[in-house]
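Chain and residue survey
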Amino acid sequence: MGSGQMVAVFGAYGHTGRFVVAELAARGFVPVVSGRNARTLQELAGEHGLEARVASVDDPHSLDRALAGTAAVINCAGPFASTTGPVIEAALRARIPYLDVAAELEANLDTFAHYREQARDAEAVIVPAMAFFGGLGDLLATAAMGDWTKADEAHIAYALSDWHPTAGTRLSGAVSRERRGGHRLRYSGGQWERRTDAAPALEWTFPEPMGSRPVIGEFTMADVVTVPQHLSIPEVITYMTVEAARDVAAPHTPPPAAADERGRSDQTFLVDVVVRSGGAERRATAGGQDIYAVTAPLVTEALARVLTGRTKTVGVVSAGEVFDAPDFLHSLVPHITLDLHPQKQHV
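Residues numbered from 1 in each chain as written. Predicted model: local features only at pLDDT ≥ 70, side-chain atom pairs only at ≥ 80, totals over all residues. Heavy atoms only, no water.

A few words on the overall build of the protein. A tally of helices and strands in the protein yields 12 helices and 17 strands. Compactness check: the protein gives a C-alpha radius of gyration of 19 Å against a globular reference of 20 Å for 347 residues, within 12% of the reference. Seen along its three principal axes, the alpha-carbon backbone of the protein occupies a region of about 60 × 45 × 40 Å. Buried residues in the protein amount to 54% of all 347 residues. Of the contacts formed within the protein by residues at least 6 apart in sequence, a portion of 70% connects residues at least 24 apart. Entry remark: accessible area of the protein is about 14,500 Å², with carbon and sulfur atoms responsible for 50%. (Helix = DSSP H or I, 4+ residues; strand = E, 2+ residues; numbered from the N terminus. Rg over C-alpha atoms; globule rule 2.2 N^0.38 Å. Buried < 20%, exposed > 50% of the residue type's maximum accessible area, 1.4 Å probe, protein only. Contact = heavy atoms within 4.5 Å. Areas by Shrake-Rupley, 256 points an atom, 1.4 Å probe, with all protein chains shown as cover.)

Right, let's get into the packing of helix H1 (residues 15–26) against helix H10 (residues 295–307). The contact between H1 and H10 brings their axes to 8 Å, and the two run at 50°. Classified by the interaxial angle, the pair formed by H1 and H10 is oblique. At the point where H1 passes H10, the crossing takes the right-handed sense. Across from Thr-16, Phe-19, Val-20, Glu-23 and Leu-24 in H1, the residues of H10 making contact are Thr-295, Ala-296, Pro-297, Val-299, Thr-300 and Leu-303. The class makeup of the residues in the contact of H1 with H10 is seven nonpolar, three polar and one charged. (Axes fitted to C-alpha atoms, helices over the stretch in contact; angles between N-to-C directions. Parallel < 35°, antiparallel > 145°, perpendicular 65-115°, else oblique. Left-handed = near helix turned anticlockwise from the far one by under 90°. Nonpolar A, V, L, I, M, F, W, Y, C, P; charged D, E, K, R; others polar.)

This model, assessed by the stated rule, comprises nine aromatic pairs. Taking 6.0 Å as the distance between ring centres and 40° as the angle between the ring planes, the aromatic pair formed by Phe-132 and Tyr-158 counts as tilted. Within this pair, whereas Phe-132 is found in helix H6 (residues 132–145), its partner Tyr-158 is found in strand S7 (residues 153–160), the two being separated by 26 residues in sequence. With respect to class, Phe-132 is no different from Tyr-158; both count as buried. (Phe/Tyr/Trp six-rings, centres within 6.5 Å; stacked < 30°, edge-to-face > 60°.)

Burial analysis of strand S2 (residues 30–35) places five of its six residues in the buried class, the great majority of the element. With five bridges connecting them, strand S1 (residues 6–10) and S2 associate as parallel partners. Across the sheet, residue Val-7 finds its bridge partner in S2, namely Pro-31. Following the chain from S1 across H1 to the adjacent parallel S2, one finds a crossover that is right-handed. Alignment of S2 against strand S3 (residues 51–54), held across four bridges, turns out to be parallel. (Pairing = 2+ DSSP bridges. Right-handed = clockwise from strand over helix to strand, strands pointing away.)

The next thing to look at is the pattern of salt bridges. Following the criterion strictly, the structure yields 20 salt bridges and no others. A salt bridge links Glu-218 to Arg-186, with the nearest nitrogen and oxygen atoms 2.8 Å apart. Of this pair, Glu-218 sits in the loop between strand S11 (212–216) and helix H8 (223–226) while Arg-186 sits in strand S8 (residues 184–188), and the two are 32 residues apart along the sequence. Given a relative accessible area of 15%, Glu-218 falls into the buried group. Taking relative accessible area as the criterion, Arg-186 reaches 17% and is therefore assigned buried. Salt bridges sharing common partners tie together Arg-184, Arg-186, Glu-193, Arg-195, Asp-197 and Glu-218. (Salt bridge = Lys/Arg side-chain N within 4 Å of Asp/Glu carboxyl O.)

Attention shifts here to the pairing of strand S12 (residues 235–241). Burial analysis of S12 places six of its seven residues in the buried class, which makes it a mostly covered element. Note that S7 and S12 share six bridges and pair parallel. Note on S12: the bridge partner recorded for His-155 is Ile-237.

Let us look at the environment of Leu-105. Relative to the assigned elements, Leu-105 resides in helix H5 (residues 105–121). We classify Leu-105 as buried; its relative accessible area is 2%. Between the C-alpha atoms of Leu-105 and Thr-226, which are 121 residues apart in sequence, the distance is 9.5 Å. Once residues lying within four places of it in the same chain are set aside, the contact partners of Leu-105 are Arg-180, Leu-185, Thr-220, Met-221, Ala-222 and Val-225.

Turning our eyes to something else, we now look at the nonpolar core. Met-130, Phe-132, Phe-133, Trp-163, Met-240, Phe-269 and Val-271 are the most contacted members of the largest nonpolar core, which totals 82 residues. Top contributing element to this core by residue count: H6, with nine residues. Formed by 24 residues, the second largest nonpolar core is a distinct cluster that contains Phe-10, Ile-88, Ala-91 and Leu-105. (Core = buried A, V, L, I, M, F, W, Y, C linked by side-chain atoms within 4.5 Å.)

The following block contains the structure:
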C-alpha cells in the first residue's frame with residue numbers, strides 16, 4: 001500500500017486522471033491534484049477531500065510548487081507533446097520519479113531521446129507510456145520473450161469492442177497528425193520509416209473464442225516506441241480491429257460513458273502479443289474492460305514498485321525494462337485476464 005505518501009497527479013481532472021486519482025487513493029497514496037484549470041481542480045479536490053495545486057507547463061515555478069513534498073509525479077495531461085518536457089524537468093529538479101500515460105508516438109520518442117542521459121546521470125526513474133498503449137503491450141512482449149535475448153519480430157494486436165475517444169485522445173491525435181505532416185510511422189529493420197501509403201488491411205487470428213478478425217496493420221501505437229528501447233527486435237508492428245479504428249477516426253463518435261459504479265465504460269479489450277525468432281513463436285495475451293480505466297492500475301502499480309525499489313535500472317525506461325514483467329502482469333490479474341501461452345514451434 002502507499003503508506004500515505006503524497007503523489008502529484010498533473011492533469012488530474014481529465015478522464016484518465018480521475019481514474020488514476022481514485023486508484024492511488026484506493027492503494028493508500030495521497031493524491032495531490034494539479035493542473036491549470038483552477039475551478040475544475042478545486043471541484044475535484046472538494047469531491048475527494050484532497051489538496052489542489054494549480055500549475056501550468058508555461059510556469060516552471062508553479063510546477064515546482066505542485067511537486068513540493070511529493071514522492072513522485074504522474075502526468076495525465078495531454079497533449080503530451082506540450083506537457084512531458086516541462087513536467088519531467090520539474091521532477092528532475094525535485095529529485096522524484098516521473099511517470100506518464102502518454103500514447104503519443106512523438107512525445108514518447110522525444111522523452112527517450114531528450115532525457116535518457118540526464119535521467120541516467122541523475123539516477124532518476126522516468127517511465128513514459130505507462131498505460132494501456134505503451135506499457136501493457138511492452139510488458140506482454142517482454143514476458144513472451146522469456147529467456148530470449150533477441151527475436152526477429154514482435155506483433156501486438158488490439159481487439160477493442162469499440163473505441164469512444166476522450167477529448168484528450170482527440171486533441172493528442174490532432175497534435176500527432178500535425179507533427180507528422182500527413183505521414184504515418186512504421187518501425188522496420190530497426191529504423192523508423194515515414195510513409196504516405198495506406199496502412200494495410202489484414203486478418204489477425206486472436207485466441208479462441210474470438211478467432212479471426214479484420215484489422216488495420218501498422219496501426220502504430222506507443223508500444224512500437226517502448227518495445228525496441230530495450231528488446232532486440234527489429235520489426236515491431238501493432239494492429240487494431242477495423243471497427244475500433246473506424247470509431248476513433250470518426251469525428252462524431254461520442255466520448256466514453258460510465259457503465260458501472262467505478263465509472264468504467266462497457267468497452268472490452270484483448271491485447272494479443274506474438275514474438276517470433278526463427279521457427280519459434282511465443283505468445284502472451286491480456287483482456288479486460290475500458291482501456292482508459294485500466295491505465296490507472298497499470299501506472300499505480302508501476303509507481304508502487306518504483307517507490308519500493310522493485311526496479312531493475314534507472315533512467316528513461318520502458319515498463320518491461322524496469323520491472324519484472326511476468327510478476328507485474330500477474331499483479332494486475334484483479335483488473336485483467338492474463339494468458340502467458342506456452343511456447344510453440346511453427347509447423
